[in-house]
Amino acid sequence: MLDLDYFLFGSEREPIAQHGSLLVDVQQGCCLYCDRRLTKKEIHVDHFIPWSLYHLNLVPNLVASHPQCNLAKRDFLAGGSHIASWIARNRDNRNALADVCGNTYEIQLNATNNVALWAYTRAMQLQQQVWISGKQLSTLQISDIVALQN
């Protein structure tokens, strides 16, 4: 079970690169954001819900990406098709991701999904832009939030 202090106050940034190989495998060798092939030398492990909003390194929140995608996304929420890709990746790869997390995977997934729903709902309320690619930002769509609720 997650520690309440850890959940509320977060943690120091921990090394997350160790998960790169697993994430590339469950993403069929591609960057979650641009869907181009990744090589071992260019893997960045990114927090799908940015570290600035969610100070936990839970495996369901981590994605493999190209350095260019990760650096362009910065601390924006990812928009559009990225949300659907992330949801599908976590749903379709439960067993592989659970092997890393052990018996806490469902707890981690539920926590991550709840934080994602909160973050995207709040972004909608504040009319914040979401990241699409490169320097392209977009208005968050209600359909993006609906996808998180299912």
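Just above sits the structure.
Residues numbered from 1 in each chain as written. Predicted model: local features only at pLDDT ≥ 70, side-chain atom pairs only at ≥ 80, totals over all residues. Heavy atoms only, no water.

A. Spatial organisation of helix α6 (residues 105-125). The first and last C-alpha atoms of α6 sit 30 Å apart over 21 residues, in line with the 30 Å expected at 1.5 Å per residue. Those residues of α6 not exposed but buried are Tyr105, Gln108, Leu109, Ala111, Thr112, Val115, Ala116, Ala119, Tyr120 and Ala123. Burial along α6 is one-sided: seen end-on, the buried residues are contained in an arc of 165°. Facing away from the buried side of α6 by over 90 degrees, the exposed positions are Asn114 and Gln125. Looking at the residues trailing α6, positive phi occurs at Gln127, about 55°. (Helix = DSSP H or I, 4+ residues; strand = E, 2+ residues; numbered from the N terminus. Expected span 1.5 Å × (residues − 1). Buried < 20%, exposed > 50% of the residue type's maximum accessible area, 1.4 Å probe, protein only. Arc of directions from axis to C-beta.)

B. Geometry of the pattern of salt bridges. In this structure the tally under the stated criterion is three salt bridges. A salt bridge links Arg91 to Asp92, with the nearest nitrogen and oxygen atoms 2.9 Å apart. For Arg91, a relative accessible area of 48% gives the class partly exposed. Residue classification places Asp92 among the exposed positions, given a relative accessible area of 53%. The partner of Arg94 in a salt bridge is Glu106, with the nearest N and O atoms 3.5 Å apart. (Salt bridge = Lys/Arg side-chain N within 4 Å of Asp/Glu carboxyl O.)

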